[in-house]
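Breakdown of the fold
Chain residues, written in single-letter form:
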Amino acid sequence: MEQNAASHSQSDQLNVDWFNYRRRVSRQIKVGDLTLGGDAPIRIQSMTTADTLDVEKTVDESIRMVDAGSELVRITAPSKKEAEALGSIAQALHVANKHVPLVADIHFTPNAAEVAADHVEKIRVNPGNYADKKKFEEIDYTDESYAAELDRIETRFTPLVLKCKRLGRAMRIGTNHGSLSDRILSRYGDTPTGMVESALEFLRICQKHDYHEIVISMKASNPQVMVQAYRLLVARMDAEGMNYPLHLGVTEAGDGEDGRIKSAIGIGALLEDGLGDTIRVSLTEAPEAELPVARKLVDRYAQRGHSSTMDALPLSFDPFNHARRAAQEVLNIGGKNVPVVVHDLSSGDITPARLFGCGYRYSVPLDKWNLDDFACDYIYSGNREIDFELPGTLGVIQDAADWKGATRHYPLWSAANWNPNATSDVHFIQAKKADLTEAFVSSLRGRKDIVLALEASSAHAMADLRGCCMQLDQMKCDVPVILTRKLDDLDDESFQLFASVDLGAPLLDGFGDGIWMAGNQASLQLRNSTAFGILQATRTRISKTEYISCPSCGRTLFDLQETTAKIRSVTSHLKGVKIGIMGCIVNGPGEMADADYGYVGTGPGKITLYKEKEVVERNVPEDRAVDALVDLIRSHGDWVEPVEV
Ligand code: SF4
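Rules of the game
Residues numbered from 1 in each chain as written. Predicted model: local features only at pLDDT ≥ 70, side-chain atom pairs only at ≥ 80, totals over all residues. Heavy atoms only, no water. Helix = DSSP H or I, 4+ residues; strand = E, 2+ residues; numbered from the N terminus. Rg over C-alpha atoms; globule rule 2.2 N^0.38 Å. Buried < 20%, exposed > 50% of the residue type's maximum accessible area, 1.4 Å probe, protein only. Contact = heavy atoms within 4.5 Å. Areas by Shrake-Rupley, 256 points an atom, 1.4 Å probe, with all protein chains shown as cover. Lys, Arg positive; Asp, Glu negative; His and termini not counted. Charge placed at Lys NZ, Arg CZ, Asp CG, Glu CD. Expected span 1.5 Å × (residues − 1). Near = heavy atom within 4 Å. Nonpolar A, V, L, I, M, F, W, Y, C, P; charged D, E, K, R; others polar. Salt bridge = Lys/Arg side-chain N within 4 Å of Asp/Glu carboxyl O. Polar contact = N/O pair within 3.5 Å; in protein donor to acceptor, adjacent residues only side chain to side chain. Core = buried A, V, L, I, M, F, W, Y, C linked by side-chain atoms within 4.5 Å. Pairing = 2+ DSSP bridges. Axes fitted to C-alpha atoms, helices over the stretch in contact; angles between N-to-C directions. Parallel < 35°, antiparallel > 145°, perpendicular 65-115°, else oblique. Left-handed = near helix turned anticlockwise from the far one by under 90°. Phe/Tyr/Trp six-rings, centres within 6.5 Å; stacked < 30°, edge-to-face > 60°. Lys NZ or Arg CZ within 6 Å of the ring centre and 35° of its normal.

1. Points about the overall build of the protein
- Per the secondary structure count, the protein includes 17 helices and 25 strands.
- Against the 2.2 N^0.38 benchmark of 26 Å for 645 residues, the protein shows a C-alpha radius of gyration of 25 Å, consistent with a compact globule.
- Counting only C-alpha atoms, the protein reaches 75 × 55 × 55 Å along its principal axes.
- Residues counted as buried form 62% of the 645 residues belonging to the protein.
- Across the protein, the fraction of contacts at a sequence separation of at least 24, relative to all contacts at a separation of at least 6, is 68%.
- Accessible surface for the protein amounts to roughly 24000 Å². Of this, 48% is attributable to carbon and sulfur atoms.
- In the protein, 71 side chains carry a positive charge and 92 a negative one; their mean positions are 3 Å apart.

2. Quick word on the environment of Gly 268
- Relative to the elements of secondary structure, Gly 268 occurs in helix 9 (residues 256-272).
- Looking at Gly 268, the relative accessible area reads 1%, which means it is buried.
- In contact with Gly 268, other than residues within four places in its own chain, are Ser 263, Tyr 301 and Val 501.

3. Regarding helix 10 (residues 290-302)
- With 13 residues, helix 10 extends 19 Å between its outermost C-alpha atoms, agreeing within 8% with the 18 Å of an ideal straight helix rising 1.5 Å per residue.
- Listed in full, the buried residues belonging to helix 10 are Glu 290, Leu 291, Val 293, Ala 294, Leu 297, Val 298, Arg 300 and Tyr 301.
- Lining the buried residues of helix 10 we find strand 3 (43-47), helix 2 (55-67), helix 9, strand 10 (278-279), strand 19 (481-486) and helix 13 (492-508).

4. Regarding the site of the ligand
- Looking at the ligand, there are 10 residues lining it, with Cys 550, Cys 553, Arg 555, Thr 556 and Cys 584 nearest.
- For the shell around the ligand, the class distribution of residues is 5 nonpolar, 4 polar and 1 charged.

5. Here we look at the pattern of salt bridges
- A full pass over the atoms with the stated rule returns 47 salt bridges.
- The salt bridge partner of Lys 98 is Asp 67, with a shortest N-O separation of 2.7 Å. Pair noted here: Lys 98 is in the loop between helix 3 (80-95) and strand 5 (102-106) and Asp 67 is in helix 2, with a separation of 31 residues, a long-range link.
- In this structure, Asp 509 engages Arg 466 in a salt bridge whose closest nitrogen and oxygen atoms are separated by 2.8 Å.

6. Quick notes on the side chain of Lys 544
- Tracing the sequence through the fold places Lys 544 in the loop between helix 14 (524-537) and strand 21 (546-549).
- A polar contact of 2.8 Å, which involves the side chain of Lys 544, links it to the side chain of Asp 258.
- Non-local contacts of Lys 544, meaning those with residues more than four positions away in its chain, are made with Glu 257, Asp 258, Phe 374, Gly 533, Gln 536, Leu 574, Lys 575 and Gly 576.

7. Section: the nonpolar core
- The biggest cluster of nonpolar side chains holds 156 residues, and the ones touching the most others in it are Ile 123, Ile 279 and Leu 452.
- Take this core: its biggest share by element is 10 residues, from helix 8 (residues 223-239).
- For Leu 452, the residues in contact, after removing those within four places along its chain, are Ile 429, Ala 431, Leu 436, Phe 440, Leu 444, Leu 472, Val 479, Pro 480, Val 481 and Ile 482.
- Counting 27 residues, the second-largest nonpolar core is a separate cluster that includes Ile 548, Ile 567, Val 620 and Trp 639.

8. Overview of the pairing of strand 16 (residues 409-414)
- In terms of burial, strand 16 is largely enclosed, as 5 of its 6 residues are buried.
- Pairing geometry for strand 16 and strand 17 (residues 427-431), over 3 bridges, is parallel. Within the sheet, the bridge partner assigned to Trp 413 lies in strand 17 and is Ile 429.

9. Concerning the packing of helix 2 against helix 3
- Contact geometry for helix 2 and helix 3: axes closest at 10 Å, N-to-C directions at 50°. Taken as axis vectors, helix 2 and helix 3 run oblique relative to one another. The element helix 2 and its partner helix 3 pack so that their crossing is right-handed. Together, Val 55, Thr 58, Val 59, Ser 62 and Ile 63 of helix 2 and Ala 85, Ser 88, Ile 89, Ala 92 and Leu 93 of helix 3 make up the contact between the two elements.
- A per-class count over the contact of helix 2 with helix 3 returns 7 nonpolar, 3 polar and no charged.

10. With respect to the pairing of strand 7 (residues 170-176)
- Burial of strand 7 is extensive: 7 of the 7 residues sit out of reach of the surface.
- Because side chains alternate across strand 7, one face comprises the buried residues Ala 170, Arg 172, Gly 174 and Asn 176, and the other comprises Met 171, Ile 173 and Thr 175, equally buried.
- Bridge analysis of strand 6 (residues 122-125) against strand 7 gives 4 bridges, and the strand direction is parallel. Paired with Lys 122 across the strands is Ala 170, a residue of strand 7.
- Both strand 7 and strand 8 (residues 214-219) contribute to a ladder of 6 bridges, which runs parallel.

11. A few points about the packing of aromatic side chains
- Taken as a whole and judged by the stated rule, the model has 17 aromatic pairs.
- Here the aromatic rings of Phe 558 and Tyr 599 are separated by 5.7 Å at their centres, their planes lie at 80°, and the arrangement is edge-to-face. Here the residue Phe 558 occupies a position in the loop between strand 21 and helix 15 (560-571), and Tyr 599 occupies one in strand 23 (residues 597-603), the gap between them amounting to 41 residues.
- Clustering of aromatic rings is evident, with ring pairs tying together Tyr 360, Tyr 362, Trp 369 and Phe 388.
- One cation-aromatic arrangement involves Arg 187 over Tyr 146; the distance from NZ or CZ to the ring centre is 4.1 Å.

12. Focus: the sheet that holds strand 21
- Here 5 strands make up an open sheet; going across it, the order is 21-22-23-24-25 and the pairing mixed. The open sheet is flanked by strand 21 and strand 25 (614-621), the only strands paired with a single partner. Going from strand to strand, the sheet's axes swing by 20° on average, the running direction of each strand aside.
- With 6 bridges connecting them, strand 23 and strand 24 (residues 606-611) associate as antiparallel partners. What sits directly across from Gly 598, in strand 24, is Tyr 610.

Here is the structure:
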């Protein structure tokens, strides 16, 4: 992979050990009595969804969150009324003996922030809308007019900074990809650079007033953008001698399996880099459901310490821009092909019925195979015999000792028993980091018939896989690589989360021409949906509809979970279409840039529909809004009728 000079100098400044786990040393701050950053454990948190003015409901929800492990509780304060209600909520939680720091979530309303600072331990401000009204205008700023805007922002923001400093309150400067100001968009575009600049402008005002109880976030619904933005932020902070702690999150990640996979990839990629001091997993589910997921992600790093498993190599990827590693095309693997999915069927008999779990359905009356959108590309059969005709698109990888040369069957060698003179159209070779010796890699170099199945061999699997790919680059070997990870002895959710981190994060960095879900303990259905979910979330292979749905909060004016389920039930067959479902306008229009169609709450019982960033229909009554969304999709030619199976 080529690197440009600019990214080289940025990566040089990014003080990350890409090969071994080492947590970034951040400044430690206090949020009430809670320490955050430095050597404090990585904190987990969530946000209430009840109307903040409904104090009883918000308190009940907060208690459920605390009981589920939330170490901070965030509550929206859209206006001064809600900011005042935070006082009653804090008091009620105190009476209930739940001593948790509260965070007021502020968009658009500096006066609410200043009131909230009287009642809660931390204020979250969104630099995209704290002092800016969003009008979606592109403005041509001169340096003078841009500086004048910064002066105006400083005037609006300084009172909150001074109040937080005086009262000992913490603050999160929480940039969101979807709600960058017109000013930032005009100068930097809808980019990670714009996100970072947006936060730095506010950060410099805090520094001017010697206020440092700050944590920063760079959220986006696309894990790729989110990871790049956090890395860029750290590089910029390092360059300016700052080390504020980081709050990690993938925003509008959605629900269920999609939300978990997307969150795990984005948050996990950064945790693997040693970045992150607190995390929030945003799911379109009850807030307490987020906390066990967050706990599982964080606990993987609690005991990891500084593990040194690999010597540093020159970076062969750009941490700030996605570019896929260049690899030879072998079969349908590598080159410009989408990453393939390989499943392990080596234990138990291989029957037509068993292939159902990896996307192939055999129709007896029609005597033909039907393929799902989630049909895997290869199965590993070990030493098992297959005595029926396979679907034409499916390849079989067999142990080399049992390989008999059948059509679309390929031998699998270990690096140790690989015979370079063996005859087969294509050879698959399993290799670990220790196998990548000069002699072994030389035997692969220049060949166009090899696929390497790289196995992670340490607990630091993600960096191991990425490091092995870099080693191949260093040794000028461009064989295609399948990332292999065996994760047994885990509950289903942990399997899905850890597979997403270990296999998804290298894909974000451009490594991997396929993923191989090794191990047999998770069900084939789970392994298959996880594999395709990882590829979808990394946007390396699109095989289903994508939902960008917010977790909802006190600003939500409709039942987001129910609505998301309703929209999903009528659109889940629209492969490749991205639908944004937002409770309110705060992140709505911005995230529409990443969505093809948008469904955004604008008032009680009222929905506004978007085609990308453009409003198409305002104030649609909620009871006919889903039908109107379908009509909109139809009118743009993206609708297909669902196929009955
Ligand atoms: S987009 Fe959703 S979670 Fe975000 S502020 Fe609006 S309603 Fe709340």
